[in-house]
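Understanding the architecture of this molecule
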Amino acid sequence: MGRVPAASPVAVPTHVAIIMDGNGRWARQRGLPRIEGHRRGVESVRTATYAARDLGVKMLTVYAFSSENWSRPPDEVGALMGLLELYLKKELATFVRDRVRLRTIGRVDGLPAGVQKHLRAAVEETRDFPDYTLVLALNYGARAEVVDAARAYAAAVAAGREKLNDSSWATFSRYLTTADLPDPDLIIRTSGEKRVSNFLLLQAAYAEFVFTPVLWPDFTKADLAAALAEFATRERRFGLTGEQVSAPASKPAL
Ligand code: IPE
Ligand code: IPE
Ligand code: MG
């Protein structure tokens, strides 16, 4: 993750991240098994992928499976992994056709072998598409990410590749799973819950948040457009005063 960008009124967020929540409640409201909600949730991922691009967003991150979600009933976890594998298998040709670069964050090596195989193929085949990126957060948890980064950073110091005296956010953040991705500008959570659930805790330092009661399977392009409209009304300050932000020429370098 790079330095904090200069504060300026940007109408469209470069990087939107979504905590996709409410699949289970969507299903329960209809007397359906939870997995039906997840199946419909995959459709919403497809919709959001293209809606975000149409609306001028450059990068979309979706929180698809958290490191804590392994504690759900085994049949739900198994079904989610099955859906993920199917999605990746089906979607690869579409990603290539539509020039969507696929990336992942999280402990990918903890996912089932079949999922990893399809992920590797999709990431590899789409790696050079420069215009639009879909980031899947899989087996992701911010606390696990920090532990992994601290361990890797300590190993680099021990090996003499990093100097402890030079420690800074710029150096440490290169050990996060998001190392080469920009920080999210906007984080949306669906389903009415207003919490972060271990998602991008450090990268969200200056993100704007939008919470919507819409359940994830019902989330449409119009809902995304509404969240972007809300974002456009916010004034991002990055620690500066309101006067500094509205007179960018006088603002100090961050
Ligand atoms: C989000 O929907 C999907 C995942 C976390 C995998 P939920 O499954 O959390 O749905 P609710 O919160 O029970 O409604
Ligand atoms: C967050 O949703 C994780 C994902 C969206 C993948 P959860 O439904 O797991 O979060 P909590 O448990 O309600 O906080
Ligand atoms: Mg939930």
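Presented here is an overview of the structure given in this document.

Quick notes on the rules
- Residues take numbers from 1 onward in each chain, read along the sequence in its written order.
- Starting at A for chains and at 1 for ligands, labels are handed out in the order in which the entities are written.
- Residues qualify for local features only when their pLDDT is at least 70, as the model is predicted, and side-chain atom pairs are given and counted only at 80 or more; totals for whole chains, interfaces and linings, by contrast, use all residues.
- Heavy atoms from the whole structure form the basis of all side-chain values; hydrogens and water molecules are not counted.
- Only the six-membered ring of Trp is used, alongside the rings of Phe and Tyr, when aromatic pairs are assigned; centres must lie within 6.5 Å, and planes under 30 degrees apart are stacked while those over 60 apart are edge-to-face, with the rest tilted.
- Put simply, DSSP marks the helices as runs of H or I at least four residues long and the strands as runs of E at least two long, and each gets a number from the N terminus on.
- Three labels apply to residues, based on accessible area from a 1.4 Å probe with only protein chains included: buried if under 20% of the type maximum, exposed if over 50%, partly exposed otherwise in between.
- Criterion for a salt bridge: a side-chain nitrogen of Lys or Arg within 4 Å of a carboxyl oxygen of Asp or Glu.
- Nitrogen and oxygen atoms within 3.5 Å of one another constitute a polar contact, given that in protein one can donate a hydrogen and the other can accept it, and given that sequence-neighbouring residues count only through two side-chain atoms.
- Every residue pair with non-hydrogen atoms within 4.5 Å of one another is taken to be in contact.
- Summary of the distance rule: residues count as near a molecule or strand when at least one heavy atom falls within 4 Å of that molecule or strand.
- Per-residue accessibility takes into account occlusion by the displayed protein chains alone, with areas from the Shrake-Rupley method and a 1.4 Å probe.
- Residues are grouped as follows: nonpolar covers Ala, Val, Leu, Ile, Met, Phe, Trp, Tyr, Cys and Pro; charged covers Asp, Glu, Lys and Arg; every other residue, Gly included, is treated as polar.

Considerations on the packing of aromatic side chains
Enumeration according to the criterion identifies 11 aromatic pairs in this entry. Taking the centre distance of 6.5 Å and the plane angle of 45° together, the rings of Trp169 and Phe172 count as tilted. With Trp169 and Phe172 both in helix α6 (residues 169-172) and 3 residues apart, this pair spans about one turn of that helix. Judged by centre distance (6.1 Å) and plane angle (15°), the ring pair of Phe209 and Phe211 falls under stacked. According to the relative accessible area criterion, Phe211 is partly exposed, its value standing at 34%. Feature note: the residues Tyr153, Trp169, Phe172 and Tyr175 constitute an aromatic cluster, connected by ring pairs.

Thoughts on the pattern of salt bridges
Per the counting criterion, the structure on display carries 20 salt bridges. Its salt-bridge partner being Glu36, residue Arg39 comes within 2.4 Å of it at the nearest N-O pair. Note that Arg39 and Glu36 are positioned in helix α2 (residues 34-54) at a spacing of 3 residues, about one turn of the helix. On the basis of relative accessibility, which here comes to 25%, the residue Glu36 falls in the partly exposed class. Two residues, Glu230 and Arg234, come together in a salt bridge whose shortest N-O distance is 2.8 Å. Residue Arg234 is classed as partly exposed on the basis of its relative accessible area of 27%. In the salt-bridge network here, residues are joined through shared partners; they are Asp21, Arg25, Arg189, Glu193 and Arg195.

Here's the deal with the side chain of Thr212
By secondary structure assignment, the location of Thr212 is in the loop between β6 (208-211) and α7 (221-232). Within polar-contact distance, the side chain of Thr212 engages the backbone nitrogen of Val214 at 3.2 Å. Leaving out residues up to four positions away in the same chain, Thr212 has contacts with Ile188, Arg189, Thr190, Ser191, Gly192 and Phe219.

A word on the site of ligand 2
The environment of ligand 2 is made up of Ile19, Met20, Asp21, Tyr63, Ala64, Phe65, Ser66, Asn69, Arg72, Arg189, Arg195 and Ser197. A distance of 3.2 Å separates an oxygen atom of ligand 2 from a polar atom in the side chain of Asp21. The separation between an oxygen atom of ligand 2 and a polar side-chain atom of Arg72 is 3.3 Å. If ligand 2 stood free it would expose 390 Å²; the protein chains cover 78% of that surface. The greatest single-element share of the shell around ligand 2, amounting to 4 residues, is contributed by strand β2 (residues 59-66). For the shell around ligand 2, the per-class residue count stands at 5 nonpolar, 3 polar and 4 charged.

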